[in-house]
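Structural overview for review
Read off the chains here:
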Amino acid sequence: MAKLRAIVISGNGVNCEMEMAHANRLAGVDDVRIASIYDLLSGDVRLDDYQLLNMPGGFQDGDDLGSSKAAANRYQHAHAQGADEPIQDQLRRFIDDGKCIIGVCNGFQLLIKLGLLPAIDGKYFQQQATLTFNDRGRFEDRWVRLVVDEQSPCVFTKGMHQLELPVRHGEGKIVPADDQVLSAVKERHLAPIRYADAEGNPTQDYPANPNGSIDAIAALCDESGRVFGVMPHPEAFVHRTNHPRWTREELPEEGAGLAIFRNAVKYLKDNF
Amino acid sequence: MAHRIEVVFQPNQVDALGEKTAGRIRHDLHLAVDHVRTAQVYTVDADLNADELRDLASGPYTDPIIQDYAIDKSAIDPSPFDWLIEVGFLPGVTDNVGRTAREAAQVRLGRTFDEGRSVHSSIQYWIKGDLSDEDVERVASELLANKLIQRWTIRPASQVDPAVGLPAVVPKVGTQDEPVVDSINLELKNDELIAMSREMTLALSLAEMKAIRNHYRDKKVQLKRASKGLPFDRPSDVELEVLAQTWSEHCKHKIFAAKIAYEYEGIVETIEGLFPTYIKALTAKVRKNKGRKDYCQSVFTDNAGVIKFNDDFSLVMKVETHNSPSALDPYGGALTGIVGVNRDPFGTGQGAKLCFNTDVFCFAPPDWDKPIPPRLLHPKRVFDGVREGVEHGGNKSGIPTVNGSIVFDDRFLGKPLVFCGTGGLLPAKVNGKSGWDKTIKPGDMAVMVGGRVGADGIHGATFSSEELREDSPATAVQIGDPITQKRMTDFLLIARDKGWYRFITDNGAGGLASSIGEMARECGGCEIYLDKVPLKYHGLRPWMILLSESQERMSLAIPPEHWEEFHSLAKRMDVEATVVGKFAETGDFDVFFGEKIIASLPMTFLHDGVPAMSLHAKWEPPQLAEPTLPATSDWTALLKRMLGRLNICSKEYVVRQYDHEVQGGSVVKPLVGAHHDGPSDAAVWRPILTSMEAVVVSHGLCPRYSDVDAYDMSANSVDEAVRNAVAVGADPDYLAGLDNFCWCDPVQSENTPDGEYKLAQLVRANKALFNTCVAYGIPCISGKDSMKNDYLMEGVKISVPPTMLFTVVGKLEDARKAVTMDAKSPGDLVYVVGLTRAELGASEYYAELGLEGPGTPEVHYDDNIELYRKLHEAIKNGLVRSCHDCSDGGLAIALAETAFAGDLGMRVDLSKVPTGADSAWRLSREQLAFSESAGRFVVTIRPESKAEFEKTIGRERLGCVGEVSGDKDFVLHDNTGEFCRVTIDELKAAWQATLDY
């Protein structure tokens, strides 16, 4: 392919854009652009010019109406200046063109509320699940053990088995719309990452499962595996010194979260 | 007509807020409730038709997967409940949810609401529980709402008609005030002048009121005023208010500038101002001593201190207090505290990118069961409110909270202390000029950026310059809006790099009067056009507009040629920017409303006209007798009780709720060890992700020691901060300090009969700061004093213990050399580094036993700094596996924490503890275990490093006291045998139980 170009969307309370861009660069993206949502609204920046879309964590609009609700409303209804389509139509083309999207934490909340995840039967833009308040009713920053579903079609988690990452959220509990959605997620392996106990088994027990998420789900992907949302922060573990026990364990120099971005880069370089 | 949209969780979903509220009613108010359900209410004050209302309700306001909504009727069936409490905001109070709901409505409907059309948020709490009328009133007033900022409605559930719900009430600000300006006659008697100062919350003394009067008696002044068309012989209300703000203790630091006669043992020493004599002087001396190695770049002159980080970046740091607002409204006070201090580094030099926050709180014990004096809140409520305020302020701004602590003492009931700090990174060069410089040229435009101005936060600077009293103004309380501020800072960082502005500063205490008043000193004058200032609502008088401390605003000086591009990007990024004046070299601070001049103050009088104070201090050390120590019968029980003490126990409840990792640079987190729950000594943070260079942040404070001698309080604060930094690997020769004094009123008066003693304590604290910092080679780069931390009402006076927080920032060349405090492996050797002395005065051990006595720890600064350099050498050489500062509770606590954080056992021989000239047998077990001597660490090393480690540190200053073990037993013994054996799990449980909410 030509140059692999990634875009990281910032603004309005997004706050992980710097480390997200850093992770993209470390993973081998050739050109990383941090662009504000206002650059999209002004029409100066178009998603069409990129292959990897990053929706980082933060508190868009303060999560005042529920996490990412006001932000989703903006993607759905606000038009870029001079364009006759809402911003979300750019997202639709992005998916149709076979590109990759990653949403972390608040970015995942945005994707799920826009209906991009899990998008069972390819029904994008119909909300099928949500992320809501942790059962404990409070924001928490803690590292969790995660187990990867190796049968998932998710391109971001290929070849991964287990890892540790921090969660930093108050609204991370996944609730599917109904049992059909949940069984489809399970059968089609659309939950590539689950919260796990010390033995590596998915768990509902706090604090290993920090929010009470149904079926211990920590991440979702669509059926193509190219749209991926994850509550724990892979961009927060790109160097061993990020890990909470790095002073007492032998860890590789590279943090385990980076593999997620490397996978996306590999997929895009192979397919574009 | 206004409409109500109510949003609830579907019955089969968890209502986390409802469950949390029910828990707090039970736990905090001891009232029995079955359960609570909540509803989010949006009161939409706009002309919308039924379809549009439904589009909003079903769109941005409701999550269809888990929520339901109702329009103009009750979303919750009242029948299973007993009570309904609905809590909303008072008119004019910042309503972040309402603001976002309004924006979302405009986006959803594709049109802009008319000015004044709005959306307001409120929350319903439906309560099932057998509560009396008084009980439910308590739930509303003591838990759910604060009457200073919120309103509430209580209804028996049976009286709510579900088909109608509650009526829609729009909290609109009345437009009672016309923009009129009064002039004020100061030709009054002394007692009338004093009464006027008090009634107007001017916080001016009689001498200051007279100085103002004299200014207006000056014939030259009168002639000039007459020619400008101002009342010639008296101030306008605008002028008097501006002078009161500018001359307030909060802004002018009059006590630190005062001439002091300090009397001790009959000898009187004259001190020409504490700030120049000690703080400024120590920094000058340290910088001179460092010579070419001086790393200070900007000290005391700007909103924050600046030191060199590397060739490309400077490190900017500031710590502020927000005590008085937090006393009245803990949530809003702390939230504005943190977003307020964010604007200090942001308003330093050309503007720093914000990298980390720190928070330190001083509260009364949360389990307080004695009566609460009028206007004060229960300490648990203060604790929870402050915690949540800092959580929202930090987390929503995307700034990690990396370091902090909480200190408890009964006297903080009178005023809690809320210290908020922020560090930032400033490019060494911005557009070819040094990043920490800024200038203003006559003709530059004075521009206000960010939020709008309302009546919130009026008189903040003067209010915090007085004791908390019956008529303290409620308008001083406000709520911050981190998202509006984030939008503003996102935009301004771009504007900075474009070089569109010349000067930037914060709009904090004193509002525009203070920010533009200070800026005008750069070029010698300004004109302000108050009618141009964008308002939240009509009805503000001109002096209010000038003084309002409404949040989320910066003031800038912009050359006219850059205004267009600046303004156009601001608009594009949804940030309000307005030209509100112009800088000039007239020598005057002139204020206009429309065509009319309403204030004109000579810059020299405004800034230098305040009469200097002259104060007397007298030091008489408290007479304390050496208490008799009881023999300890059960060491295990004592150790567990000590670990569970409020000032020692785990603060994980608070730390977990702060994002301490956002921005990706975390190296040493606040919680460390095998299970991520050990108490870290300091934060290590990489602000530049492509570099391994790290910032170290730590602090020290020990208000208890002031009960014996504030000299030791101050010296130990500095030493503790330095120890903490050195423990994680900071270079002791590359540290900078920030001093934050929080004192009780030290000015002798009828209300403060012990003012001379309190002032002597302040003098001694400053002497200690000078001596310790000079010995350690630590420049103070910034600081703040808050001098009126007293409560006075109905004859009850509560004064906080004299407190100085010392914050340290430093550097670690390679983050991979950082050390954490947890024991690492069985077989590692345990060392105590630094000498233990019999120093139990004001210790946690005495407090546990209810004892008082002399003998606070003495800081042997010359010995200590030498030791710290050696320890740093050992850390750099990779000899140290764990290192833990030894402070509150002494060695026994530090050893236990080291063991259980590592999930490993430990055997310790206390008779091996190094004690210097005093040999160990002359100290009792209790003294060895719990003495709080300064300058000590608990260190573990690999057995094979023994020789090299001992050689590096020097054998006379360390003792190998034991070994880390693979079992879970924590064992203390001495040469007479074993006296304590307990599992680390039991110790950790005792340490964690106290604040496990």
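As the structure is a computational prediction, the values presented were derived from the model and not from experiment. (Residues numbered from 1 in each chain as written. Chains lettered and ligands numbered in written order. Predicted model: local features only at pLDDT ≥ 70, side-chain atom pairs only at ≥ 80, totals over all residues. Heavy atoms only, no water.)

Quick look at the overall build of chain B
A tally of regular secondary structure across chain B gives 30 helices and 41 strands. Expected size for 997 residues packed as a compact globule is a radius of gyration near 30 Å; at 29 Å, chain B falls within 12% of this value. Projected onto its principal axes, the C-alpha positions of chain B cover 85 × 75 × 60 Å. Buried residues in chain B amount to 66% of all 997 residues. For chain B, restricting intrachain contacts to residue pairs at least 6 apart in sequence, the fraction spanning at least 24 positions comes to 82%. Approximately 33800 Å² of chain B is accessible, and the part contributed by carbon and sulfur atoms is 50%. Seen as two clouds, the 109 positive and the 144 negative side-chain charges of chain B have centres 5 Å apart. (Helix = DSSP H or I, 4+ residues; strand = E, 2+ residues; numbered from the N terminus. Rg over C-alpha atoms; globule rule 2.2 N^0.38 Å. Buried < 20%, exposed > 50% of the residue type's maximum accessible area, 1.4 Å probe, protein only. Contact = heavy atoms within 4.5 Å. Areas by Shrake-Rupley, 256 points an atom, 1.4 Å probe, with all protein chains shown as cover. Lys, Arg positive; Asp, Glu negative; His and termini not counted. Charge placed at Lys NZ, Arg CZ, Asp CG, Glu CD.)

Re the interface of chain A and chain B
Counting residues at the interface gives 60 residues for chain A and 68 residues for chain B. With both sides pooled, the region where chain A packs onto chain B buries about 5200 Å², and carbon together with sulfur makes up 53% of that total. On the surface where chain A and chain B come into contact, there are 9 salt bridges. In this structure, the salt-bridge partner of A:R248 is B:D822, at a minimum N-O distance of 2.6 Å. Taken together, chain A and chain B are joined by 31 residue pairs in polar contact (both at pLDDT 80 or more). For the side of chain A that touches chain B, the secondary structure elements donating two or more residues are α1 (17-26), α2 (37-41), α3 (69-77), β5 (129-132), β6 (140-148), β7 (162-169) and β8 (173-176) of chain A. Tallying contributions element by element places α3(A) first for the side of chain A that touches chain B, with 5 residues. The class makeup of the residues in the side of chain A that touches chain B is 18 nonpolar, 21 polar and 21 charged. (Buried area = accessible area lost by both parts, 1.4 Å probe. Salt bridge = Lys/Arg side-chain N within 4 Å of Asp/Glu carboxyl O. Polar contact = N/O pair within 3.5 Å; in protein donor to acceptor, adjacent residues only side chain to side chain. Nonpolar A, V, L, I, M, F, W, Y, C, P; charged D, E, K, R; others polar.)

Observations regarding α3(A)
Within α3(A), 7 of the 9 residues are buried, which leaves it mostly tucked inside the rest of the structure. Within the span of α3(A), buried status applies to A:K69, A:A70, A:A71, A:A72, A:N73, A:R74 and A:Y75.

With respect to the side chain of B:D444
Residue placement: B:D444 occurs in the loop between β16 (433-434) and β17 (445-450). Among the polar contacts listed, one links the side chain of B:D444 to the backbone nitrogen of B:K441, at a separation of 2.9 Å.

With respect to the nonpolar core
Core analysis: the largest hydrophobic core is formed by 109 residues, its most contacted members being B:L492 and B:F566. Broken down by element, the residue count for this core peaks at 6 residues, all from helix α7 (residues 258-271) of chain A. Residues within four places of B:L492 in sequence aside, it is in contact with B:F346, B:V449, B:Y501, B:I504, B:M554, B:L556 and B:F566. Among the nonpolar cores identified, the runner-up in size contains 86 residues, and B:I260, B:A725, B:L759 and B:L867 belong to it. (Core = buried A, V, L, I, M, F, W, Y, C linked by side-chain atoms within 4.5 Å.)

Let's talk about unusual backbone geometry
A cis amide bond links A:L117 to the next residue, A:P118, at an omega of -5°. Between A:Y206 and A:P207 the backbone carries a cis peptide bond, its omega angle lying at 0°. Within the secondary structure layout, A:P207 lies in the loop between β9 (193-196) and β10 (219-221). Of note, the phi angle at B:H253 is positive, near 50°, even though the residue is not glycine. When you line up the elements, B:H253 lands in the loop between α9 (249-252) and α10 (254-257). The class for B:H253 is partly exposed, based on a relative accessible area of 22%.

As for helix α7 (residues 219-228) of chain B
All names here are of chain B. For α7, the set of buried residues is V221, Q222 and R225. Along the axis of α7, the buried positions cluster into a sector of 100°, meaning they face one direction only. Turned more than 90 degrees off the buried face of α7, the exposed positions are K219, K220, L223 and S227. Turning to α7, the residues buried within the fold contact α6 (206-217), α8 (237-246) and β23 (596-602). For α7, the side-chain oxygen to backbone nitrogen distance between the N-cap and K220 is 2.9 Å, and the N-cap itself is D218. One or two positions beyond α7, positive phi appears at G229, with a value near 85°. (Arc of directions from axis to C-beta.)

A word on the packing of helix α16 (residues 482-498) of chain B against helix α19 (residues 563-572) of chain B
Residues and elements named next belong to chain B. It is at 10 Å that the axes of α16 and α19 come closest, and there the two elements cross at 155°. Comparing the axis directions of α16 and α19 gives the class roughly antiparallel. Pair α16 / α19 crosses with right-handed handedness. Across from F491, L492, I494 and A495 in α16, the residues of α19 making contact are F566, L569 and A570. Here the residues of the contact of α16 with α19 are counted per class, giving 7 nonpolar, no polar and no charged. (Axes fitted to C-alpha atoms, helices over the stretch in contact; angles between N-to-C directions. Parallel < 35°, antiparallel > 145°, perpendicular 65-115°, else oblique. Left-handed = near helix turned anticlockwise from the far one by under 90°.)

Here's the deal with the sheet that holds strand β21 (residues 577-583) of chain B
All names here are of chain B. Sheet architecture is open: 7 strands sit in the order β18-β20-β17-β21-β19-β22-β23, paired in mixed fashion. On the outer flanks of this sheet lie β18 (503-506) and β23, each paired with one strand and no other. Strand-to-strand twist of the sheet, defined as the mean angle between neighbouring strand axes without regard to direction, takes the value 25°. When β17 meets β21, the two strands line up antiparallel, connected through 5 bridges. Pairing of M448 across the sheet is with T578, part of β21. (Pairing = 2+ DSSP bridges.)

Points about the pairing of strand β32 (residues 790-793) of chain B
The alternating pattern of β32(B) places B:D790 and B:L792 on one face and B:Y791 and B:M793 on the opposite face, and all of these are buried. If you look at the hairpin formed by β32(B) and strand β33 (residues 796-799) of chain B, you'll find 2 residues sitting between the two strands, and B:E794 has a positive phi there, around 45°.

Things to note about the sheet that holds strand β3 (residues 67-71) of chain B
Either a parallel or an antiparallel arrangement is found when strands of a sheet pair, and the pairing is made through backbone hydrogen bonds. Residues and elements named next belong to chain B. Read from one edge to the other, the open sheet built from 6 strands follows the order β3-β1-β2-β5-β4-β6, with strand pairing classed as antiparallel. Looking along the sheet, the strands with just one partner apiece sit at the ends: β3 and β6 (150-156). Adjacent strand axes in the sheet meet at a mean angle of 20°, parallel and antiparallel pairs treated alike. Set on the sheet, helix α3 (residues 96-109) makes contact with β2 (35-45) and β5 (118-128); between it and β5 the angle comes to about 125°.

Details of the domain arrangement of chain B
Interface size is commonly expressed as the accessible area that is lost once the parts come together. Entries for chain B in the domain assignment read domain 1 (2-159) and domain 2 (819-997). Each of domain 1 of chain B and domain 2 of chain B has a C-alpha centre, and the two are 53 Å apart. (Domains from an automatic or database assignment.)

A look at the pairing of strand β29 (residues 694-700) of chain B
All names here are of chain B. Most of β29 is tucked away: 7 of the 7 residues are buried. Burial of β29 is two-sided: the residues A694, V696, S698 and G700 facing one way and the residues V695, V697 and H699 facing the other way are all buried. Bridge count between strand β28 (residues 683-685) and β29: 3 bridges; the pairing is antiparallel. Among the inter-strand pairings, A683 is bridged to a residue of β29, identified as V697. Relative to strand β34 (residues 803-812), β29 is paired through 7 bridges, and the arrangement is antiparallel. Looking across to β34, one finds that A694 is bridged to L812.

Description of the environment of B:A617
Residues and elements named next belong to chain B. Along the chain, A617 turns up in strand β24 (residues 614-619). For the pair A617 and E756, spaced 139 residues apart in sequence, the C-alpha to C-alpha distance is 4.3 Å. With residues up to four places along the chain from it excluded, the contact list for A617 reads I260, A261, Y262, E263, E756, L759, A760 and V763.

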